[in-house]
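Here's the letter readout for the chains.
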Amino acid sequence: MSAFSHDSHDKYKKISPVSIAIDGPSGAGKSSLAKNLAKKLGFLYLDTGALYRTVGLYVFEAGIGGYETEKIEACIDSKNIKIDVFYKNGEQKVFLNDRDVSEKIRENNISKYASDVSKIPKVREFLLKTQKEAAEKNNIIMDGRDIGTVILPNASVKIFLTSSSDERARRRYEELTGKGKDVDYNAILKEINERDLQDSSRDAAPLKPAQDAFILDNSDCISPVDTLNKALNIIKERLPDVCIR
Ligand code: DC
């Protein structure tokens, strides 16, 4: 029987929060899907990549290299990094040592730092509590790389959203050129392939689908709305009583 056995989200929340895990490689559209689902279901959305990006930003600003594992571990041990997540009008805001870095962590050079620091078990351990706590208190949708495998192994629904690296690079290229940026498709494809390799071949919580995840491949160019509808069908199948707005 599904956890949804009453008719309002508040009631479900008091019984046992429902969690939905969305994992997958960079650029597959996880955050758009998770945001859209959160609106449709009235759930909280936690973008866990933002947490790794925030550690990456700290490391970058401290002048530490992404591969200087001991120095990065020392920053965590000395409690120099304080990360807070707040919601403003439903939008996730991330604060690093009381500074709003929600925009800054999206800068391109921070992506590589985020991927570098995410290989370090101590960094993952450091960010675990925030993620677990969020899911203990709220009906939640989380996206990342290890949500269904490590963070929420008992998630009510797990979706692994993926598409080919060519397709992800093409979308990223269109997004950036659409914003007037002068970018090279092959450079974007190379960066995506490198990040995929690094995220999926690391020892600590590598990117891989959970055994019980639904694989949703949107390489065939289906629009975000089609992806959303496919995900909603998966969720309705698993949680037949779910309330969709
Ligand atoms: O989803 P994103 O591109 O914002 O994530 C940035 C990096 O953080 C990504 O390269 C892998 C890492 N990450 C992770 O290891 N585990 C997560 N749950 C989320 C992100």
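Placed above this text is the structure.
Note that the coordinates shown come from a computational prediction; the quantities given were computed from them, not determined experimentally.

## Considering the overall build of the protein chain
- A count of helices and strands for the protein chain gives ten helices and eight strands.
- Relative to a compact globule of 245 residues, whose C-alpha radius of gyration would be 18 Å, the protein chain shows 18 Å and is just as compact.
- Overall, the protein chain is about 50 × 40 × 35 Å in size when its C-alpha atoms are taken along their principal axes.
- In the protein chain, which comprises 245 residues, the share counted as buried stands at 47%.

## Notes on the sheet that holds strand β5 (residues 99–100)
- Strand order in the open sheet formed by three strands is β3-β4-β5, with antiparallel pairing between adjacent strands. The sheet is open, and its two borders are formed by β3 (83–88) and β5, each paired with just one other strand.
- Bridge analysis of β3 against strand β4 (residues 91–96) gives six bridges, and the strand direction is antiparallel. By the bridge assignment, I83 is partnered in β4 with L96.
- Along the sheet face, helix α3 (residues 49–61) touches β3, β4 and β5 and points at about 30° away from the line of β4.

## What to know about the pattern of salt bridges
- Summed over the entire model, instances satisfying the criterion amount to 20 salt bridges.
- As a salt-bridge pair, E68 and K71 come within 3.1 Å of each other at their nearest N and O atoms.
- The partly exposed category is assigned to E68, whose relative accessible area is 30%.
- K71 gets classed as partly exposed once you look at its relative accessible area, which sits at 46%.
- Of the charged contacts, one joins K179 and E175 as a salt bridge, the two residues approaching to 3.4 Å between their closest N and O atoms.

## Concerning unusual backbone geometry
- A positive phi angle is found at N89, which is not glycine, with a value near 50°.
- In this structure, N89 sits in the loop between β3 and β4.
- Accessibility expressed as a relative area gives 80% for N89, which makes it exposed.
- The phi angle at N97 is positive, at roughly 45°, despite the residue not being glycine.

## Some words on the packing of aromatic side chains
- According to the stated counting rule, one finds three aromatic pairs in the structure shown.
- Considering the side-chain rings of F86 and F95, the 5.3 Å spacing of their centres and the 85° angle between planes classify their relative orientation as edge-to-face.
- F86 sits in the partly exposed class, given a relative accessible area of 45%.
- For the ring pair Y173 and Y185, a centre distance of 6.2 Å and an interplane angle of 80° mean the geometry is edge-to-face. In this pair, Y173 is assigned in helix α8 (residues 165–178) and Y185 in helix α9 (residues 185–201), connecting sequence segments twelve residues apart.

## Some remarks on helix α5 (residues 108–117)
- Here α5 lies mainly inside the structure; seven of its ten residues are buried.
- Buried residues of α5: I110, S111, Y113, A114, S115, D116 and V117, and no others.
- Where α5 is buried, its residues touch α3, α4 (69–77), α6 (121–137) and α9.

## Examining the site of the ligand
- Among the 14 residues in the neighbourhood of the ligand, the closest are listed as R53, R124, R145, R195 and R202.
- A distance of 3.5 Å separates an oxygen atom of the ligand from a polar side-chain atom of S118.
- Here an oxygen atom of the ligand and a side-chain polar atom of D199 are 3.0 Å apart.
- A total of 450 Å² of accessible area belongs to the ligand in isolation, and the protein chains cover 94% of it.
- If you list the elements that add at least two residues to the shell around the ligand, you get α3, α5 and α9.
- Here the element with the most residues in the shell around the ligand is α3; it accounts for three residues.

Each value, and the rule that gives it
Residues numbered from 1 in each chain as written. Predicted model: local features only at pLDDT ≥ 70, side-chain atom pairs only at ≥ 80, totals over all residues. Heavy atoms only, no water. Helix = DSSP H or I, 4+ residues; strand = E, 2+ residues; numbered from the N terminus. Rg over C-alpha atoms; globule rule 2.2 N^0.38 Å. Buried < 20%, exposed > 50% of the residue type's maximum accessible area, 1.4 Å probe, protein only. Pairing = 2+ DSSP bridges. Contact = heavy atoms within 4.5 Å. Axes fitted to C-alpha atoms, helices over the stretch in contact; angles between N-to-C directions. Salt bridge = Lys/Arg side-chain N within 4 Å of Asp/Glu carboxyl O. Phe/Tyr/Trp six-rings, centres within 6.5 Å; stacked < 30°, edge-to-face > 60°. Near = heavy atom within 4 Å. Polar contact = N/O pair within 3.5 Å; in protein donor to acceptor, adjacent residues only side chain to side chain. Areas by Shrake-Rupley, 256 points an atom, 1.4 Å probe, with all protein chains shown as cover.

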